[in-house]
Amino acid sequence: DMLELMSNYSKSVSYIESMMESQLIAAIGKRLESDDIDKFTTFHNARLLQKAPNQFSHAIRQPEHYPVGLVSIEDNTGDRKCIQTHSRIVNASSTVKLPLAAATILELAGDQVLHGWMNQRFGTKTASGRNYFFELTARARQFSSFILVIGTMNGPSTLEPKDSIIIQNKDEVLIPLLLEELPTAKEFKDAIKSLSPEQQRFAKAYRSMQLESSVFGICVVQIKPQLEALLSLPPNSLDKEMKLTQDLMELFVEYQVPSDLLSYNGATDDVAVEDKVSNVREHVKSVMEVIEGEKEKHLKNAALNTAMSIEKHIQQDFAYSEQRSGLHDVVNGALIDPRPPTMFYKSATAPARRSGAAKLRAPSGGAQKERFRSVQSSAAPVPMSAVAAASPGRGTVSQVSQPAPQSYHGRTEHVLADRSSTGVDFTLIPKTLDVAIENNGEGSALRSTIIKTRDTWTRHRQENLLTASKDEVLTTEDLKKEKHKAFDLLDALSRSGSLPIQYSELHVIVALTHCFDKSVMETVICDNVNPIEKLELSTLLLASAIHGVPARELIKDDGELLRLKGSFPLLLKDEEKKEEAMIG
């Protein structure tokens, strides 16, 4: 009887839920999915907030210049929508450190933009297990370039780089992002309450590290204006110097030429812009000539060594044959090998003395002369392409080799003495949000989220103007090589840390994920929860932390403020009490 009663109860509840779901679908006109809530949230936030979130899609440009590229975060669905973030420019007078090595620390003196990303998830799947994931997309215009650095904020003013890449000439790089959700504050406290005090302190310290390391950083460095500052050229002087810019990047990246050999060295600054650019172009031409001369020298040496090696093996093989057969024959003062010519090439890579070789029969003298001529004609003019691989690639020019690394910290501090090194501590924002979430009753749904990049990227590249673009998969080894190239260029652009990177832009992203255990329809029907109101509270908490103002000041309409006071009394009424106490 009890089982029958339970079965009837379950069927009755299912019937009621099915009926309510049918009514809701009839009222709305469709079955709601997660994408529908995303669209509604975007529309609703634009009406609700004074400072509505914007799409994370930023053009890379100088003032009054055409953009050189674009950086955005998109999902990989068909329409590739950009994520919405709350944004604020912070730390206008401070710098951020970017360590390239122990002796080289860059100073990023450009804009710093703080972003807050509110993501929502319906269902039991984690963000990395959803049907789609998010991608960081970077695109460059033709004849344009910039450097992309990705990492996490380490401390109040340090970006710890993880990956870096040079993007140029219509490159498009797609970087998959993984969202790792941390336990909520309530879940964390419930999990450690039965542990010993020492274990609790360990867990709290580790969670604090997790929250601080959840701040994702994206840095963009414009190459051309930084090159102008490095080479002592006036602003905009390299705008139309496409070949010169490419040559400079090649010298810095491939050969690591010191910038002092290329910069303008005129006696006075009262010189026309064209003359300054011509001066730098002459320096570049001189260095390129030295490099080409070194290449030719290496190629000639390789060709000579190859010819000498062939001649040496001919003599060794003839001496060996002479010992075996007792043959002596000389044509024009050269030794003759009685073996077929094809064996000369085999002996060039074999040891000089081979044990266990078979006895060879000596052919006639005329045949010997003919074979020797064929060897001479094939060995003397060695093709340049055949020995090109023998010439070293990077660092072959001794005249322009990179000096040993030195510490420029004292010089950097002197240059940047007039700039403040303090500002908004990005790593404290997740902790502030964690406390606010717990105090406002959302401790079981809103999770801090760590953003990570995957180990495999995709790059769309057009090799030249006459070919179509091709997709290229960048593996872990490829990413290491790209990172080294980008770091070499950053080191050159900053004179190993002594020159501030003025033309940079740092985007810092703090991410939260509002988690619903069930689908949209099940959340509304089965749990009797309005996801829109839950997302409103989460949005207000995040926007208040990003913009640094009370949540009530972010609400645009007074009628909406009255409605939200009834829904979120802990958030809005407590703020009113604090303001009244400050006034009193």
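Now for a description of the structure that goes with this document. (Residues numbered from 1 in each chain as written. Predicted model: local features only at pLDDT ≥ 70, side-chain atom pairs only at ≥ 80, totals over all residues. Heavy atoms only, no water.)

### Some details on the overall build of the chain
The condition that has to hold: Under the DSSP-based scheme used, a helix requires at least four consecutive residues in state H or I and a strand at least two consecutive residues in state E, with every element numbered from the N terminus. Accessible area is worked out with a 1.4 Å probe on protein chains only. A residue is then buried under 20% of its type maximum, exposed over 50%, and partly exposed in between. In what follows, a contact means two residues having at least one pair of non-hydrogen atoms within 4.5 Å. Residue-level accessible areas treat just the shown protein chains as cover; the underlying method is Shrake-Rupley with a 1.4 Å probe.
Helix and strand content of the chain: 17 helices and 18 strands. Classification of the 584 residues of the chain by burial places 43% in the buried group. In the chain, the share of contacts with a sequence separation of at least 24, taken over all contacts with a separation of at least 6, comes to 76%. Surface summary for the chain: the accessible area is close to 30,500 Å², and the carbon and sulfur share equals 53%.

### Focus: unusual backbone geometry
Non-glycine residue asparagine 169 carries a positive phi angle of around 50 degrees. The residue asparagine 169 is located in the loop between β10 (159–168) and β11 (172–181) in this model. In this structure, glutamine 256 takes a positive phi of about 55 degrees despite not being glycine. For glutamine 256, the location among the structural elements is in the loop between α6 (242–254) and α7 (273–325). Note on glutamine 256: relative accessible area 29%, which makes it partly exposed.

### A look at the side chain of threonine 449
Heads up, the condition is: Nitrogen and oxygen atoms within 3.5 Å of one another constitute a polar contact, given that in protein one can donate a hydrogen and the other can accept it, and given that sequence-neighbouring residues count only through two side-chain atoms.
With respect to the element layout, threonine 449 can be found in strand β15 (residues 446–453). A polar contact is formed between the side chain of threonine 449 and the backbone oxygen of arginine 447, at a distance of 3.4 Å. Look past the residues within four positions of threonine 449 in its chain and what remains in contact with it is Leu179, Glu180, Glu181, Ser214, Ala511, Leu512 and Thr513.

### A closer look at the nonpolar core
Here is the rule we go by: Residues grouped as a nonpolar core are buried Ala, Val, Leu, Ile, Met, Phe, Trp, Tyr and Cys residues, joined through side-chain atoms within 4.5 Å.
The biggest cluster of nonpolar side chains holds 69 residues, and the ones touching the most others in it are Ile147, Leu262, Leu489 and Leu490. Those residues within four positions of leucine 489 in sequence are excluded, and the remaining contacts are Ile147, Ile166, Ile223, Met249, Phe252 and Val253. Of all hydrophobic cores here, the second largest spans 29 residues; its members include Ile175, Leu179, Leu474 and Ile509.

### Structural notes on the packing of aromatic side chains
Rule in force here: Note on aromatic contacts: the rings of Phe and Tyr and the six-membered ring of Trp form a pair at centre separations within 6.5 Å, being stacked when their planes are under 30 degrees apart, edge-to-face when over 60 apart, and tilted otherwise. Both a distance and an angle decide whether a charge sits over a ring: NZ of Lys or CZ of Arg must be within 6 Å of the ring centre and within 35 degrees of the ring normal.
A full pass over the atoms with the stated rule returns 2 aromatic pairs. Seen in terms of ring centroids, phenylalanine 122 and phenylalanine 516 are 4.5 Å apart; in terms of plane orientation they differ by 5 degrees. Their pairing is stacked. Taken together, the residues phenylalanine 122 in strand β7 (residues 111–122) and phenylalanine 516 in strand β18 (residues 504–516) connect sequence positions 394 residues apart. Across this residue pair, the class does not change: phenylalanine 122 and phenylalanine 516 are buried. One cation-aromatic arrangement involves arginine 207 over phenylalanine 188; the distance from NZ or CZ to the ring centre is 5.0 Å.

### Examining the pairing of strand β9 (residues 145–153)
Threshold: In this description, strands pair whenever DSSP reports at least two bridges between them.
Counting buried positions along β9 yields 8 of 9 residues, so the element is predominantly enclosed. Both β9 and β10 contribute to a ladder of 9 bridges, which runs antiparallel. If you follow serine 145 over to β10, its bridge partner there is glutamine 168. Between β9 and β10, which pair antiparallel and follow one another directly, the connecting turn spans 5 residues, one of which, glycine 155, has a positive phi of 90 degrees. Bridge analysis of β9 against strand β12 (residues 216–222) gives 7 bridges, and the strand direction is antiparallel. Note that in β12 the partner of leucine 148 across the bridge is valine 220.

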